[in-house]
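# A closer look at the structure
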Amino acid sequence: MKVRPLTIDGAWELTPVQHGDARGLFAEAFKGDLLAEVIGHRFDLAQVNLSVSAAGVLRGVHFADVPPGQAKYVTCATGAILDVIVDIRVGSPTFGTYDTVLLDDVDRRAVYLSEGLGHAFCALADNSTVTYLCSTGYNPSGEHGINPVDPDLGIEWPTHARDGSPLEYELSEKDTAAPGLTEARESGLLPDHADVAAYLRGLAAE
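In this report, we go over the structure that sits alongside the text. Quick caveat, the model's predicted, so the values are computed rather than measured. (Residues numbered from 1 in each chain as written. Predicted model: local features only at pLDDT ≥ 70, side-chain atom pairs only at ≥ 80, totals over all residues. Heavy atoms only, no water.)

## Some thoughts on the sheet that holds strand β10 (residues 110-113)
The strand order across the open sheet built from six strands is β1-β2-β10-β7-β12-β5, with neighbouring strands paired in antiparallel fashion. With partners counted over all chains shown, the strands left at the sheet margins are β1 (2-5) and β5 (47-53), one partner each. Averaged over all pairs of adjacent strands, the angle between their axes in this sheet comes to 20°, without regard to strand direction. Bridging between strand β7 (residues 72-78) and β10 involves four bridges; their strand directions are antiparallel. Looking at the pairing, Lys-72 lines up with Leu-113 of β10. (Pairing = 2+ DSSP bridges. Helix = DSSP H or I, 4+ residues; strand = E, 2+ residues; numbered from the N terminus. Axes fitted to C-alpha atoms, helices over the stretch in contact; angles between N-to-C directions.)

## Some words on helix α4 (residues 193-205)
Taking 1.5 Å per residue as the helical rise, α4 with its 13 residues ought to reach 18 Å, and the 19 Å between its terminal C-alpha atoms agrees with that figure. At the N-terminal end of α4, a side-chain oxygen is found 3.0 Å from the backbone nitrogen of Ala-194, two or three residues along, and the residue is Asp-192. (Expected span 1.5 Å × (residues − 1). Polar contact = N/O pair within 3.5 Å; in protein donor to acceptor, adjacent residues only side chain to side chain.)

## Regarding the pattern of salt bridges
Counting across every chain of the model gives eight salt bridges. If you follow the salt bridges from partner to partner, you end up with Arg-4, Glu-13, Asp-107 and Arg-109 in one network. (Salt bridge = Lys/Arg side-chain N within 4 Å of Asp/Glu carboxyl O.)

## Focus on helix α1 (residues 32-39)
All of the buried residues in α1 are Leu-34, Leu-35 and Ile-39. Buried residues in α1, looked at end-on, bunch into an arc of 120°, giving them a common side. Of the residues in α1, the exposed ones pointing more than 90 degrees away from the buried face are Asp-33 and Glu-37. Buried residues along α1 sit in contact with β1, β2 (11-15), β7 and β10. Where α1 ends, the next residue or the one after it, Gly-40, has phi of about 90°, a positive value. (Buried < 20%, exposed > 50% of the residue type's maximum accessible area, 1.4 Å probe, protein only. Arc of directions from axis to C-beta. Contact = heavy atoms within 4.5 Å.)

## Describing the pairing of β10
Burial along β10 is two-sided: the residues Ala-110 and Tyr-112 and Val-111 and Leu-113 are all buried. Of the strand pairs in this sheet, β2 and β10 are connected by four bridges, and their pairing is antiparallel. What sits directly across from Glu-13, in β10, is Val-111.

In structure tokens:
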């Protein structure tokens, strides 16, 4: 498995080696020992989520309070998505920036994003199936969102699907009503970079 750090500290792209023949293919989609080496601590799997999205569906930007936060290991088994990781840690050198990775059923890449980062994606094909390995379970009181089309974020969402057809974005009511980046920061909703770093050092010391 090949590992590439993204431009945001705490996020990586992981690309498996695929072994194929006339029967199909095989790949190691997740390696706990390798991931622990990369992130500096063991990844404790607490919950697995799955979503299926039509082309044009935007999900996110979602994040959780730190501690405990929620680290995610994200793959796309069927279809294709543009996965987006946003640095929402107040005080971070890259605060307000984002990076993207194409996750699809061709290269079968994954992304890992650590606690304190925001996550979103745009589905590029109908029935795009995304799996999230999560370090903590669902906690509605500690999970939040930022509107994915907020101009302060400035995310350049794709305009065309994988088949070349134009995309029409569809958001949930919750994501549509979510605050923008500036509003979320001013309200104290966003995680603090120093607090997140301290929490991650604690995980590494365990």
